Each structure stands twice: as structure tokens, then as C-alpha cells.
Amino acid sequence: MNTAQPRPAGPLWLLAELTYRCPLHCVFCYNPVDYTREQTELSTEAWKDTLKQARALGAVQLGFSGGEPLLRDDLEELVAYGHSLGYYTNLITSGIGLKPARLEALKQAGLDHIQVSFQDATQAANDALSDTKTFAKKLEIVQAVKAAGWPMVLNVVLHRLNLDHIDAIIELAEKLGVEYLELANTQYYGWAYQNKAALIPTHEQLRHAEERVQVWRDKLGNAMKLLFVVPDYFEKTPKPCMSGWGNVFLSISPDGTALPCQAARMLPGFDFPNVKTHSVEHIWYESDGFTRYRGDTWMKDPCRTCPDKSKDYGGCRCQAYLITGDATQADPVCHKSPHHEKVVQFVEQAQHMSPNAGIYRVQKAAQQPGAAMTEAP
Ligand code: FES
């Protein structure tokens, strides 16, 4: 009798984090807080080889992200190559650096989708949150993306410092002709975890924003789709993070390190593999980094005996580690977790915080809220 387990499916989603370099310094950035430690970036040829290998394993969606992927001069070449392999290609960008000639080149390369991010609805608020003067440039870029014929997809990360501007944000999106507005409340990883005391909203802010989004949905109908993602910390059941560890998602960091999610690099006790030294097939099927939390055999209670474990996969390993110091714990967002009280405390403490500009993403020892902004390129 053959008792061999069937081989798991390959990755579906490949995220190419081309660089951690970025002209913006957002307080909620999910990049690693020590992102300057690793300065090397994969060559064009190494990226192409990675794209090819992942496609051969079944990946169909290819996202180009960062940092700011436009800072790579070979972005168009990589998009064209991904397109030629049959990927659906997606660019996740601040828009800064997206000049008309580049837009045209990306169009010619076959880019399927662009998502541009804004930080807020006004110049003052947008520029303060990113610590750069970028609002006016973003307005121009959004219009150019739309004129070039892509559907307009706008992303705004929400938190205590901008949730009260929800109407103005939606009005701005409407004025810009946005077809799809992603209102994603901050999830607390990387710089956002460091800045969480300043970013976690009040219950009242969140309730009001949800209510206003519904009013706008009723008003706008199909003219603009509004997605509102509630922050994890306000939930009682965990999100099925990454649709399960090593299940569909493969992220490649700028230096070639392969990760089951963008945040996993900070987990201790892992030696995540690199595409410079291992094949994507080995990484996906054999490496400890991708197999350790795949499936449910690693789980302990309460996840092990939970009827929802096949739906939520125990939640998020990175969140479990950040909050409990142990990545094998149930995600503390879950009300069944013995550590759920910590999440409740984070939220409760935030209710009494005075507004604070947070600490910026830039690693300058003396960086203070409100310090001089830099002009974007
Ligand atoms: Fe890493 Fe959820 S962000 S597993």
C-alpha cells in the first residue's frame, strides 16, 4: 500500500520585493525595522530566473513591490519578462518616480495592474505621514495612470492619524475617478508595530469610519468599489494569514531571501533559504522555512483541537511571535488564545493616548516627529 502524502500544490502568488529603498518614510511601513542591514539586491538575471522557476511551479500572479519598485531601473524589463511567462502582473507603488515615459514603457511591457498608495486626503496630512512632499506628485500620477487606460486602484492605509478624514479620502478618490479604493486599516508589523501606540485608533474612530464607508457604498453603488479592512486587533477571530503558511504565497526579498510572508524574516530560529543558493522548488517543498508551519501538525492547543483550524490556519505566525514571543502559539487576536488579553490591552491603552506623530521609518537616530521633510524625486 502506498502511504506517501500527496505533494502540496506549488505557490500561486509570487511577490517580488525588488528593493527596500524607498523615497517615503511612512510610519506604518511593514518592511523590516532593520531593513538597512541588507543592502544587496538581486541582479536582473537572478530575478528573471526566479520568476521562471516560480512560474514553472504554478505561480500565476506576480506582484512587484518594495520599498519602492520604481527605484529599480530594470522594472520594465522584469515586467515584460513576467508577462512573457504568462503571469498576471501587478505593480504596488507610491507612484513617486512614475514619469509619463515610464508609464508608457510599463504599458508596452504588458503590466496588467497598478495600485497607487496615498497616505491621506490633503497635502499637509499626506506629506506629514510619509515625511516627504509627495501629495501633488501623486495627484499627477494617478491622473496619468488613469489616462493610460489602467483601472484606477488606490490604497490608503488607515490608522488613528487619518481615520477621521475618511469622508475627505473617499471624496478625493471619487474626484480622481478611482474604480477601486482599498481602505486598509494598519496591521501591526515592522514599523507599524514599533509605532502602534500612535497608530491604534479609538473604538469611536473605527465605528464612525465603518458607518461612513457604508453610507458612501450606498451612494456610489458600482461606480467605485470600497474595501474596508478592519484592524486585526479589533477582531476576536484571527485572519487566515497568507491563506496558510507555505500554502499559496511566496515572497522574495531584495537580497533573494525567500519568505512565506513579508514579515517572517524577524522570526528567530529560522534560516530562510535564498534563491541564490537554492532552487525555488527546493525552497517551496523542502526548506524548513516553508514547511515548518505548513498544514496543522505543528499546532498546539487551542488551535490543534479547534474546528476552525482549517479556515484560519491558527492565524498569523508573525503576530503570535511579536505578541507572545513564540511563533507556535495561537494568534493572540483569537479570543481562545491565552494571550488574547494582551491584544485587548493594546487597544485599551490606545484609547487614552494623545495624538502623536509616531516615529518615522528612516533610521536616523535623531529623527523627531515633524523634522524637516525631503522633496521626493
Ligand atoms: Fe507572517 Fe502572518 S505576517 S505569518
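Here the structure is a predicted model, which means the values were calculated and not measured.

Comments concerning the overall build of the protein chain
Here comes step 1: Across its full length, the protein chain carries 14 helices and 11 strands.
Here comes step 2: When the 377 residues of the protein chain are sorted by exposure, 44% land in the buried category.
Here comes step 3: The contacts of the protein chain with a sequence gap of at least 6 include a subset with a gap of at least 24, amounting to 73%.

Remarks on helix H9 (residues 203-220)
Here comes step 1: Look at H9: 26 Å from first C-alpha to last across 18 residues, which is about the 26 Å you get at 1.5 Å a residue.
Here comes step 2: Here H9 has its buried residues at Leu-206, Ala-209 and Trp-216. The buried residues of H9 occupy one face: seen down the axis, they fall within an arc of 90 degrees. Opposite the buried face of H9, at more than 90 degrees from it, the exposed residues are His-203, Glu-204, Arg-207, Glu-211, Gln-214, Val-215, Asp-218 and Lys-219.
Here comes step 3: Residues of H9 that are buried in the fold lie against strand E6 (153-158), helix H6 (166-175) and strand E8 (225-229).

Overview of the pairing of strand E2 (residues 61-66)
Here comes step 1: Relative to E2, strand E1 (residues 13-19) is paired through 6 bridges, and the arrangement is parallel. Pairing of Leu-14 across the sheet is with Leu-62, part of E2.
Here comes step 2: For the crossover that starts at E2, traverses helix H2 (residues 75-85) and ends in the parallel strand E3 (residues 88-93), the hand is right-handed.

What about the sheet that holds strand E4 (residues 113-118)?
Here comes step 1: In spatial order, the strands read E8-E7-E6-E4-E3-E2-E1-E9-E10; together these 9 strands make up an open sheet with mixed pairing. In this open sheet, the two strands that pair with only one neighbour each are E8 and strand E10 (258-259).
Here comes step 2: Sheet analysis places E1 next to strand E9 (residues 249-252), joined by 4 bridges and oriented parallel. By the bridge assignment, Ala-16 is partnered in E9 with Ile-252.

Thoughts on the nonpolar core
Here comes step 1: In this structure, Ala-16, Leu-154, Ala-173, Ala-192, Leu-250 and Cys-261 are the most contacted members of the largest nonpolar core, which totals 94 residues.
Here comes step 2: Beyond its immediate sequence surroundings of up to four residues, Ala-16 is in contact with Trp-47, Leu-62, Gly-63, Phe-64, Ser-65 and Ile-252.

Some details on the environment of Leu-106
Here comes step 1: Within the fold, Leu-106 resides in helix H3 (residues 100-109).
Here comes step 2: The spacing of Leu-106 and Leu-75 is 31 residues in sequence and 8.2 Å in space, taken between C-alpha atoms.
Here comes step 3: For Leu-106, the contacting residues outside a window of four places in its chain are Glu-76, Val-79, Leu-91 and Leu-111.

Some thoughts on unusual backbone geometry
Here comes step 1: Gly-66 connects to Gly-67 through a cis peptide bond whose omega is 20 degrees.
Here comes step 2: Positionally, Gly-67 belongs in the loop between E2 and H2.
Here comes step 3: Note that the residue after Asp-301, namely Pro-302, is joined by a cis bond; omega there is 10 degrees.
Here comes step 4: Unusually for a residue other than glycine, Met-242 sits at a positive phi of about 60 degrees.
Here comes step 5: Within the element layout of this structure, Met-242 appears in the loop between E8 and E9.
Here comes step 6: Take Met-242: there are 24 C-beta atoms within 10 Å of it, and that puts it in the buried class.

Quick word on helix H13 (residues 317-324)
Here comes step 1: For H13, the set of buried residues is Arg-317, Cys-318, Gln-319, Ala-320 and Ile-323.
Here comes step 2: Its buried side turned inward, H13 meets helix H14 (340-351).

Brief notes about the confidence of the model for the protein chain
Here comes step 1: When pLDDT is averaged across the protein chain, the result is 88; 90% of the residues are at 70 or more.
Here comes step 2: Across residues 362-377 the pLDDT falls below 50, and counting only partners more than four positions away or on other chains, this stretch makes 24 contacts in the model.
Here comes step 3: Scoring the predicted complex yields pTM 0.88 and, for the interface, ipTM 0.94.

Notes on the packing of helix H1 (residues 44-56) against H2
Here comes step 1: For the pair H1 and H2, interaxial distance at closest approach is 10 Å and the crossing angle is 20 degrees. As far as their axial angle goes, H2 and H1 are roughly parallel. Of the two elements, H1 crosses H2, and the hand of that crossing is right-handed. Side by side, H1 and H2 meet where Thr-44, Trp-47, Lys-48, Leu-51, Lys-52 and Arg-55 of the first sit next to Glu-77, Leu-78, Tyr-81, Gly-82 and Leu-85 of the second.
Here comes step 2: Residues of the contact of H1 with H2, tallied by class, amount to 5 nonpolar, 2 polar and 4 charged.

Digging into the UniProt feature "binding site: [4Fe-4S] cluster" (unreviewed entry) in the protein chain
Here comes step 1: As annotated by UniProt and renumbered to match this structure, "binding site: [4Fe-4S] cluster" (unreviewed entry) occupies Cys-22, Cys-26 and Cys-29.
Here comes step 2: By C-beta crowding, Cys-26 is classed as buried, having 23 other C-beta atoms within 10 Å.
Here comes step 3: Mapped onto the secondary structure, Cys-29 falls in the loop between E1 and H1.
Here comes step 4: Since 23 C-beta atoms lie within 10 Å of it, Cys-29 is described here as buried.

Let's talk about the pairing of E4
Here comes step 1: The element E4 is largely enclosed, with a buried count of 5 among its 6 residues.
Here comes step 2: Alignment of E3 against E4, held across 4 bridges, turns out to be parallel. Residue Asn-90 lies in a different strand from E4, and its bridge partner there is His-113.
Here comes step 3: The β-α-β motif built from E3, the intervening H3 and the parallel element E4 has right-handed crossover chirality.

Looking at the packing of H2 against H3
Relative placement of two packed helices is described by the angle separating their axes and the distance separating the axes.
Here comes step 1: Look at H2 against H3: their axes get within 8 Å of each other, and the N-to-C directions meet at 20 degrees. Classified by the angle their axes make, H2 and H3 are roughly parallel. Here H2 and H3 pass one another in a crossing that is right-handed. Each of Glu-76, Val-79, Ala-80 and His-83 in H2 lies in contact with H3, whose residues at this interface are Ala-105, Leu-106 and Ala-109.
Here comes step 2: Looking at the contact of H2 with H3 residue by residue, the class counts come to 5 nonpolar, 1 polar and 1 charged.

Scoring rules and cut-offs
- Residues numbered from 1 in each chain as written.
- Predicted model: local features only at pLDDT ≥ 70, side-chain atom pairs only at ≥ 80, totals over all residues.
- Helix = DSSP H or I, 4+ residues; strand = E, 2+ residues; numbered from the N terminus.
- Buried ≥ 20, exposed ≤ 12 C-beta atoms within 10 Å, placed from the backbone.
- Contact = placed C-beta atoms within 7 Å.
- Expected span 1.5 Å × (residues − 1).
- Arc of directions from axis to C-beta.
- Pairing = 2+ DSSP bridges.
- Right-handed = clockwise from strand over helix to strand, strands pointing away.
- Core = buried A, V, L, I, M, F, W, Y, C linked by C-beta atoms within 7 Å.
- pLDDT = per-residue confidence, 0-100.
- Axes fitted to C-alpha atoms, helices over the stretch in contact; angles between N-to-C directions.
- Parallel < 35°, antiparallel > 145°, perpendicular 65-115°, else oblique.
- Left-handed = near helix turned anticlockwise from the far one by under 90°.
- Nonpolar A, V, L, I, M, F, W, Y, C, P; charged D, E, K, R; others polar.
- UniProt positions renumbered as here; feature names shortened; annotations may be inferred.

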